[in-house]
Amino acid sequence: MEPSYNRVVHLRTLGGAALVGSSFSRPKPLLLLAYLALEGAKSRRFVSELFWGEAARPMNSLRVALSQLRHGAPGALIEEEQRLRCVVPCDALQILQALEAGDVVTAAGNYHGPFLEGFDLSYANASGAAVELEEWVFATREYLAERLRSGLIGLAEAEAALSDFASVARGAQVALTLAGAPPLEPLELERLHRLLVAAGSDRALELERSAHEYGLVLDSNREAARAKLAPDATSRPSAPNNLPFPLTEFVGRDPEQLELTRLLDDPGTRLVTLTGLGGVGKSRLALQLAHSKSRDGSFPDGVYFVALESLTDAALVPAAVGALLPGQPKSLEELAELLREKSVLLVVDNCEHLPGIDRMAATLLAKCRYLKLLATSRDRLLLPAEQLFPLEGLAGVETGGERSEDAQVARMAPPRAASLPESHRQNAPHQDAIRLFVQQGKRARPQFEPSSEEIAHVRVICRLVHGFPLGIELAAARLRLMSTEEIAREMEVGLDFLEGASGAIAKRHGGMRSTFEHSWRLLEPPEQVVLRKLSIFTGGFSREAASRVVGATIPLLATLVDKSLLRTTELGRFDRHPLIHQYTAEKLAEHPAELAEARDAHARWFVALAEEADAHSSGEAQGVWLERLQSEQYNLRAALEWTLAHEVEHHRSMLGLRLAVALYRFWYYRSHLAEGRHWLRLAIERSESLGSESLGSESLGEEAIPLRSKALHAAGVLADEQGDVQAASELFEARLTLARELGDVFGQAATLNSLGVVALAKREYSRARDYLEQSLELRERLGRKELLDTPRVNLGLVALAQEDYPRAQSEFEYSLALSREFGSDMGCAIALTNLGAVWVDREMPESAQKALAEASELYRSLGNKDGLGHCLDGFAAVATLQGRHEFGARLAGAAASLLESIGAASGAVDKTRVERRLAAAREALGTQGFEASWRKGYEQGYEELLNEALGAREYRGPQV
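A. How the structure looks around the sheet that holds strand β5 (residues 83-86). An order of β3-β5-β4 is seen for the three strands of this open sheet, with the pairing classed as antiparallel. Strands with a single pairing partner mark the edges of an open sheet, and in this sheet they are β3 (42-43) and β4 (77-80). Across four bridges, the pairing between β4 and β5 is antiparallel. By the bridge assignment for β5, L77 is matched with C86.

Structural data, given as structure tokens:
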């Protein structure tokens, strides 16, 4: 347990630096606390070298600072063997967490100024802090403010969509004046200006002055801003150009072409940089766009394509460009003079390997007011005028990241399908990746006309390379020697299969692995280490997790995003192209010790996250924590696999046991019953393999036995939910024996309650009541009122089963009151579901409807399908009471389908009573009519029927 000190003291880093609630004010230790709060626990040696790297004895300097903290701020920092960890709340970290949760309002309310504003870094550096520390402060300052400003602009745009322009004005003005933020990028400047104009704010004039410095012209028309009208394209004469004609038809990229055309038509856009890995199609898309702009006459003085890949010195670029133009200027000055008044588009291809290309571009843009640049690069050019345009795989296949095909398809215009045989065109809308494979396949095998079966194989191939054009082309080249089925099967083995597939393609890209190797070699060693360690995350990761697990600092993550090796999601999480993930995982595997260390750190982080979530499993923050665990499901599974594998070391088995126990309520609430049982079974088996089950076993240790006890109980609960009464009973009996050995009163109380539930399922009512009353007595002895609701609600179920309705109602209402008092949404939902059963049995449909409606919305907010299935059973009974027999039969079918889909038993509302109520529907509809309606509900799905039962056309709350 953390010291009580931490409940009052917190670290303020925004608008200054102070340990609020304490008189401690030494700058260097405060900076140390801020660093550890944001970047996570670090080793003593790392900290000493970072903070006192130039001191004669860095470790001695660290010891002095730690001594000062122990005496002046006790409990602010925990020393864990060789690692140091800040444990006081930090305002900057809280803002980042709010932004990652999508809560921009809270983040903005807690932002009190720039990060470490006014902090005397020269004093902090007096004892030899590294230059990197000062860079970290300024990078973090900009990162925090930039993240918040981006969130504010997005929030204001959402409010504009609702025509709430008063809120738009407030939010946009806060974004405009946000202290500590870096200068606005041109696109953000344009977005913010549009918001201010739409809201009628005079502050738009400030941005117009800034835009003038960039050479941008912004539209100040309010109606145009509100409508967000795109500039009309006008037909002009074709421009002079040097554009090479591609040998094959350009495939797909319709949404990208539309957006890039809009950007280049916008007077405010001077430089667009297409970023992404080599082979993703940057050059081909840029060339396609250049042809389009040449044809429509947007640039009357010319559209020119400049390939830089063969150049080794940026000083050669002006001559390379000048060779394409009249007069053939040789120097940068001559080139700028020639283009000064010219309306020209320069497409500059492959910029990343030429240091100094950014300064050259900046000079040209500054001196040539009508010039526009379209650049392709694996890295951004870091110019104020730059508009980034990240490029990923082709649409039409599941990309495996946090984007969905549906989201991409929804914003696409239907592409041509001429490359596919007529028989497949109607089934291949939006399949750009497949079209590209067929096109390239015909080059390898001219007679290639894919059958339906071959199209299925092609779809697999495209999915395996995640729509990556280079991967598709390399795979299609294999058609010379192999079938589509063989290609798909071989590609599942790994990237090496595609090496050397096509000499022509390899000449440009050197194969898939070569493209990654090139990007890899451009990284600094610390960047390589962090990027390969990040491969242990699956399904994306948060900034905090990256910091705590692999030591990824904010500036380093920003650099990897800039280099197109990471990408950020709308929720502020990080992800990467799946092929990058595969490649970096291979790099990590080359360092076995580093891999084991990273996976251990990954497991420890997610154990801590799950245990914190479990601590909030019954409070007001329950839903937030369930969502957080849901977003980390892939990482949680990876951690479980690592810690519960065969013959793992003792400490890893302990981590797996802790993780499985901590996740049990998540699996229960979110109805992941089969998965939860699987992991808990493995955890229990590993706990057995650690040594003897006896209490005195040294190999199990003091911590393992209580954890094993909890795992037995958790597995029993999930088994009971699935209707596996025998397994549940055995697990609960084993847990009760162990809890008594341990003297664990709460464990005994919980297990007696569960044994009561099992006895109730067996209709052993007297035995059930005996177990439940023992549980209640033990809980009362513990003096924890919040624990009384569970046995009370189960005593109510015993009374309900025996048709003692007054007692059942009394117990359920008592449990409901307790759950409301202590903020347990799940407890409320269970009590309300069972109150609905009382009202059904007492033939009071209106009261039952009201209770079940509230319960179902609570279950929905929690994502609990099991509870929703029980509510549907209750609504079916209500409908039958009301004479709505056909609807009742459909609801019963939907309930069965939903419970079956999650492997849950039909049971919280006694199925016998439900069937008794549905007997009236069977009689009214006839056996065939009832079964037809039941089957219709079973196939229709629960969501629509539940909305109908709730009397609402559309439910706008959280969805399961």
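That covers the picture; the talk isn't over yet.
B. Region of interest: the side chain of R380. Along the polypeptide, R380 turns up in the loop between β9 (372-377) and β10 (386-390). For R380, a relative accessible area of 19% corresponds to the buried category.

C. Quick look at the packing of aromatic side chains. Considering all chains together, one arrives at twelve aromatic pairs under this definition. An aromatic cluster of three or more residues is present, and its members are Y35, F46, F51, W52, F115 and W136. If you follow R637 out to its NZ or CZ, it ends over the ring of Y634, 5.8 Å from the centre. A cation over a ring is seen here: R935 above Y938, with NZ or CZ 4.8 Å from the ring centre.

D. Local environment of the nonpolar core. If you look at the biggest cluster of nonpolar residues, it comprises 262 residues, and the most contacted ones within it are L192, F437 and L534. The dominant element in this core, judged by the number of residues it contributes, is helix α33 (residues 650-669), at 13 residues. When near neighbours in sequence (up to four residues on either side) are disregarded, L192 contacts I153, A172, A175, L176, L184 and L207. Grouped together as the second largest cluster of nonpolar side chains are 30 residues, V306, L335, I357 and L381 included.

E. Looking closely at helix α27 (residues 543-550). Most of α27 is tucked away, with seven of its eight residues classed as buried. Looking at the residues trailing α27, positive phi occurs at G551, about 75 degrees.

F. Inspection of the pattern of salt bridges at higher detail. Following the criterion strictly, the structure yields 37 salt bridges and no others. For K293, the salt bridge goes to D265, with nearest N and O atoms at 2.7 Å. Taken together, the residues span a long stretch of sequence, with K293 in helix α14 (residues 282-296) and D265 in helix α13 (residues 254-265) at a distance of 28 residues. Two residues, R807 and E811, come together in a salt bridge whose shortest N-O distance is 3.4 Å. In this pair, R807 and E811 are both assigned in helix α40 (residues 805-821), four residues apart and thus about one turn of the helix distant. The class for R807 is partly exposed, based on a relative accessible area of 28%. For E811, a relative accessible area of 6% corresponds to the buried category. One connected set of salt bridges, linked through shared partners, spans E392, R567, D575 and R576.

G. Examining the environment of L184 more closely. Residue placement: L184 occurs in the loop between α9 (165-176) and α10 (186-198). Among the residues examined, L184 registers a relative accessible area of 13% and is labelled buried. It is 9.4 Å that separates the C-alpha atoms of L184 and L207, two residues lying 23 residues apart in sequence.

H. Inspection of the side chain of D91 at higher detail. Structurally, the position occupied by D91 is in helix α5 (residues 91-100). For the buried D91, no salt bridge exists, and the shortest N-O distance to an oppositely charged side chain is 5.8 Å, to R12.

I. Highlighting the environment of A362. Counting through the fold element by element, A362 comes out in helix α17 (residues 357-367). C-alpha separation for the pair A362 and L271, spaced 91 residues apart in sequence, amounts to 9.5 Å.

J. Looking closely at the sheet that holds strand β7 (residues 303-307). Here we have five strands laid out as an open sheet, ordered β7-β8-β9-β6-β10, and parallel in their pairing. Edge strands, defined here as strands with exactly one partner in the open sheet, are β7 and β10. Within this sheet the neighbouring strands show an average axis-to-axis angle of 20 degrees, counted without direction. Taken together, the five bridges between strand β6 (residues 271-275) and β9 define a ladder with parallel strand orientation. By the bridge assignment, T273 is partnered in β9 with A375. The strands touched by α13 are β6, β8 (345-349), β9 and β10; relative to β10, the strand with the most contacts, the crossing angle is about 175 degrees.

Conventions used here
- Residues numbered from 1 in each chain as written.
- Predicted model: local features only at pLDDT ≥ 70, side-chain atom pairs only at ≥ 80, totals over all residues.
- Heavy atoms only, no water.
- Pairing = 2+ DSSP bridges.
- Helix = DSSP H or I, 4+ residues; strand = E, 2+ residues; numbered from the N terminus.
- Buried < 20%, exposed > 50% of the residue type's maximum accessible area, 1.4 Å probe, protein only.
- Phe/Tyr/Trp six-rings, centres within 6.5 Å; stacked < 30°, edge-to-face > 60°.
- Lys NZ or Arg CZ within 6 Å of the ring centre and 35° of its normal.
- Core = buried A, V, L, I, M, F, W, Y, C linked by side-chain atoms within 4.5 Å.
- Contact = heavy atoms within 4.5 Å.
- Salt bridge = Lys/Arg side-chain N within 4 Å of Asp/Glu carboxyl O.
- Lys, Arg positive; Asp, Glu negative; His and termini not counted.
- Axes fitted to C-alpha atoms, helices over the stretch in contact; angles between N-to-C directions.

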